[in-house]
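Summary of the model geometry
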Amino acid sequence: MSATEDIIGRAELNDIEAILSVTNTDVDEVEHVVKDNSDAIFTWDYSLARPALRKLYEKAKVGQWNATTDLPWDTDVDLEAQITADQAAIGAGVDPNAYIGTAVEKWGDKEWIEFGMEGRRWTLSQFLHGEQGALLCTAKITETVPWYDAKLYAATQVVDEARHVEVFARYIDEKLGGEYQINAHLRMLLDDIVNDSRWDMTYLGMQIMVEGLALAAFGFMHQLTSEPLLKQLLRYVMADEARHVAFGVLSLKEVYEQMSDAEMMDRQEFAYEAAVRMRDRFLQQEVWERMGIPAKDVVPLVLQDATRDVFQQMLFSKIVPNSKKLGLLDRNDSWLRRRFEEMGVIQFEDWENTGDEYLKFDLGQEAPSPV
Ligand SMILES: [Fe+2]
Ligand SMILES: [Fe+2]
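Residues numbered from 1 in each chain as written. Chains lettered and ligands numbered in written order. Predicted model: local features only at pLDDT ≥ 70, side-chain atom pairs only at ≥ 80, totals over all residues. Heavy atoms only, no water.

Some remarks on the overall build of the chain
When you go through the chain residue by residue, the secondary structure sums to 16 helices and zero strands. The globule rule puts the C-alpha radius of gyration for 371 residues at 21 Å, and the 20 Å found for the chain is close to it. When burial is assessed residue by residue, the chain has 56% of its 371 residues classed as buried. (Helix = DSSP H or I, 4+ residues; strand = E, 2+ residues; numbered from the N terminus. Rg over C-alpha atoms; globule rule 2.2 N^0.38 Å. Buried < 20%, exposed > 50% of the residue type's maximum accessible area, 1.4 Å probe, protein only.)

Quick look at helix α7 (residues 184-195)
Its twelve residues give α7 an end-to-end C-alpha distance of 16 Å, which sits within 8% of 16 Å, the value for a rise of 1.5 Å per residue. Most of α7 sits inside the fold, with nine of its twelve residues counted as buried. Considered for burial, the residues of α7 that qualify are A184, H185, L186, R187, L189, L190, D191, I193 and V194. Lining the buried residues of α7 we find α2 (16-20), α5 (109-144), α8 (199-224), α10 (261-281) and α11 (285-290). Of the residues flanking the start of α7, the one acting as N-cap is N183, its side-chain oxygen 2.8 Å from the backbone nitrogen of H185. (Expected span 1.5 Å × (residues − 1). Contact = heavy atoms within 4.5 Å. Polar contact = N/O pair within 3.5 Å; in protein donor to acceptor, adjacent residues only side chain to side chain.)

Side note on the coordination of the iron ion (ligand 1)
Any two of four tetrahedral donors ideally make an angle of 109.5 degrees at the metal, while pairs among six octahedral donors ideally make 90 or 180 degrees. Binding of the iron ion (ligand 1) to the protein goes through E131 (OE), E161 (OE), H164 (ND1) and E241 (OE), at separations of 2.0 to 2.4 Å. Taken together, the four donor atoms coordinating the iron ion (ligand 1) and their angles of 85 to 147° define a geometry best described as irregular. Positions of the donor residues of the iron ion (ligand 1) along the chain correspond to the pattern E-x29-E-x2-H-x76-E. Between the iron ion (ligand 1) and the iron ion (ligand 2), both coordinated by E161, there is a metal-metal distance of 2.9 Å. With a gap of 110 residues between them, E131 in helix α5 and E241 in helix α9 (residues 228-257) connect regions that are remote in the sequence. Across this residue pair, the class does not change: E131 and E241 are buried. (Donors = N, O, S within 2.8 Å, 3.2 Å for Na, K, Ca; no water. Tetrahedral: all angles 85-135°; square planar, octahedral: opposite > 155°, others 65-115°.)

A short note on the coordination of the iron ion (ligand 2)
Ligation of the iron ion (ligand 2) by protein atoms is provided by E161 (OE), E211 (OE), E241 (OE) and H244 (ND1), these donors lying 1.7 to 2.1 Å from the ion. Geometry at the iron ion (ligand 2) is irregular, judged from its four donor atoms and the angles of 88 to 164° they form at the metal. If you list the donors of the iron ion (ligand 2) from N- to C-terminus, the spacing comes out as E-x49-E-x29-E-x2-H.

Regarding the nonpolar core
Judged by nonpolar contacts, the single largest core of 99 residues is most densely connected at F168 and F340. Core analysis: the second largest hydrophobic core is formed by 20 residues, I19, W122, M291 and V299 among them. (Core = buried A, V, L, I, M, F, W, Y, C linked by side-chain atoms within 4.5 Å.)

Overview of unusual backbone geometry
Its identity as a non-glycine residue notwithstanding, N332 has a phi of 55°, on the positive side. Positive phi, close to 55°, is recorded for S334, a residue that is not glycine. Tracing the backbone through its elements, the reader meets S334 in helix α15 (residues 331-342).

Following this line, the structure appears as structure tokens:
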């Protein structure tokens, strides 16, 4: 078992200074190189050994959509009017009264709407970068997974992820007027996932953790926004994403049932690291900085803001039940359960896991509510 510091780079989960010290120092970077240490594996066993994965593959083939022709790209998006409407419906996503004693205290409607606009650009930009991470990871899984049925499925996911990168990049460029660079916490996590030599770690990091969080976050934004293009775009992406998370759950269930405690400990620690990195990134330090507010002044308050807390927790509504389904919560004296308790997200453990619920996300029906 590793020390917390070895897993997440700091001894205390809420060490603000350590969290904020992780920043993107090369904002002009265009290419980012990561060492991929895995073996590519051929299989000569073409038999139908895993019918559940083959069923997913069949669903993926008929679930394809065309980002160019299936979405209403001629929709006129007035970002300021949209954020004003969204904030009128659900608030700014933070409690303005939580920031008394900081420069934010003086903010009026204008600043909060500007904050909302920057927040929207930032959030969709991180979705975009995460989607590219998924594109690379599923290309990698296609190579590294030893199972024929999984290779076929993973190949369809590569196409799905290309489409997701396409739609987010186009939306940000045409409707939001430019993107944010990748958040450093997210980049560290994507680097670790690509870098790991063990094929199941790609699945765990991407299909269970990153995509599990994305599915919850997309669902939340889909529910809150009234912008018709974004709403439809997210609905289409969610239909694919539910399948992707199910792919992870169905595949890893089989593998993790056979693992030793020591092997499972590595997986539990990696899941914890991923959860913390994603929580850290959602503190959106770059947005505060762009608004002219030093992140160190407000982030401690963000962590205590009850309005914000609900949103933070909701992001884990898929990850926790899926981790439970895989046996990750309770192996090794419930090590990961205790970490999730500390993060305040264990209450989702008995929610439906995505391996069971993914069909509910099919297009043509109302998607399950994220909260
Ligand atoms: Fe995706
Ligand atoms: Fe995905």
